[in-house]
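# A structural walkthrough
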Amino acid sequence: MKRIIALCLSLIMCIGLAACAENNAIDVPMGMMLASDPDIPEYVLMVPNDWTIESSTGTTTAYYKDNLSGSVLATFSATFNMISEGVTLENYFDTYKTEFTSVFGEPENIEANDNLLDGKPAKEYVYTAKFGENEYKFWQVICFHEGIIYTLTYSATAQYFDNYAEDMSLILGNFYFK
């Protein structure tokens, strides 16, 4: 009888430990929420709690909306594409810039720096562009990992850019590859 009780207690403990391990698979820090699909095996993406997540386009997008005016003040997007042969971090941005120019015009004040994303080599670009009468500022981090190009982009009007840049730092600091 003691063996059966010991076996049952052991089984209960194993089930309990497995349930805890499954629930804690993604540790979301206080003030952040999971933006990526937990079933996607490649990466984990989190954004601040006061941002709104939109994932219906196949791209993970989040935005910060002013509660009083209803205006979107800042946006964040994460896109993922397969790497073509011969593509580097530098020439990928050049290709992206061509597409970008067709919507926003030529990006200006481009600052490029080497960076890391979850310990992997990355390129960071900060630049401005006009859309209509508004000037926007962009902060983009591009990283290659296991055959995929990860592009994380923060944008806001130049007027609001610095107000939410710390949020981009939090997003980047909490992004990781699985």
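So, here is what we can say about the structure in this document. Throughout, a residue's number is its position along its own chain's written sequence, starting from 1. Per-residue local features are limited, in this predicted model, to residues with pLDDT of at least 70; the limit for side-chain atom pairs, both in listing and counting, is 80 or more; totals at the level of whole chains, interfaces and linings are taken over all residues. To get the side-chain values, take all heavy atoms of the structure and skip hydrogens and water.

## So, the layout of surface pockets
With a probe scaled to a water molecule rolled over the atoms, the places where space remains empty come into view. Roughly 500 Å³ of internal volume is contained in the largest pocket. Surrounding the largest pocket, 22 residues form its lining, Thr 75, Phe 104, Phe 138, Thr 153 and Ser 155 being those nearest its centre. Labels follow the DSSP assignment, with helices taken as runs of H or I lasting at least four residues and strands as runs of E lasting at least two, numbered in each case from the N terminus. At the level of secondary structure, the elements contributing two or more residues to the lining of the largest pocket comprise β6 (72–82), α2 (89–104), β9 (134–145) and β10 (148–157). It is β6 that contributes the most residues to the lining of the largest pocket, seven residues altogether. The residue inventory of the lining of the largest pocket, partitioned by class, reads 12 nonpolar, nine polar and one charged. Two kinds of site are reported from a 1 Å grid over the protein atoms alone, namely cavities, where a 1.4 Å probe fits but cannot get out, and pockets, open sets with protein on both sides within 12 Å along at least five of seven lines, and residues are called lining when an atom falls within 4 Å of a point. Grid points are joined across faces, edges and corners, and a volume is the space filled by probe spheres set on the points. Each residue gets one of three labels, nonpolar for Ala, Val, Leu, Ile, Met, Phe, Trp, Tyr, Cys and Pro, charged for Asp, Glu, Lys and Arg, and polar for the others, Gly among them.

## Re the nonpolar core
Only buried residues count toward a nonpolar core, which is a set of Ala, Val, Leu, Ile, Met, Phe, Trp, Tyr and Cys residues joined through side-chain atoms within 4.5 Å. Each residue is placed in one exposure class: buried if its accessible area under a 1.4 Å probe, protein chains only, is under 20% of its type's maximum, exposed if it is over 50%, and partly exposed if it falls in between. Core analysis: the biggest nonpolar cluster contains 30 residues, and Trp 51, Phe 76, Leu 117, Trp 139 and Tyr 154 have the highest contact counts within it. Those elements that provide at least two residues to this core are β5 (60–65), β6, β8 (120–131), β9, β10 and α3 (161–174). The residues touching Leu 117, leaving out its near neighbours within four places in the chain, are Ala 122, Val 141, Cys 143, Leu 152, Leu 172, Phe 175 and Phe 177. Listed in part, the 11 residues of the second largest apolar core include Leu 89, Tyr 92, Phe 100 and Tyr 127. Residue contacts are defined here by distance: any two heavy atoms, one from each residue, within 4.5 Å place the two residues in contact.

## Structural notes on the pattern of salt bridges
The term salt bridge refers to a pairing of a side-chain nitrogen on Lys or Arg with a carboxyl oxygen on Asp or Glu at a separation within 4 Å. Inspection of the entire model under this criterion finds two salt bridges. Of the charged contacts in the structure, one is a salt bridge between Glu 90 and Lys 123, with a shortest N-O distance of 3.8 Å. Of the two residues, Glu 90 is situated in helix α2 and Lys 123 in strand β8; the sequence distance between them amounts to 33 residues. Among the residues examined, Lys 123 registers a relative accessible area of 11% and is labelled buried. A salt bridge links Asp 114 to Lys 123; the shortest N-O distance between them is 3.0 Å. The exposed category is assigned to Asp 114, whose relative accessible area is 62%. Through salt bridges with shared partners, a single network forms among Glu 90, Asp 114 and Lys 123.

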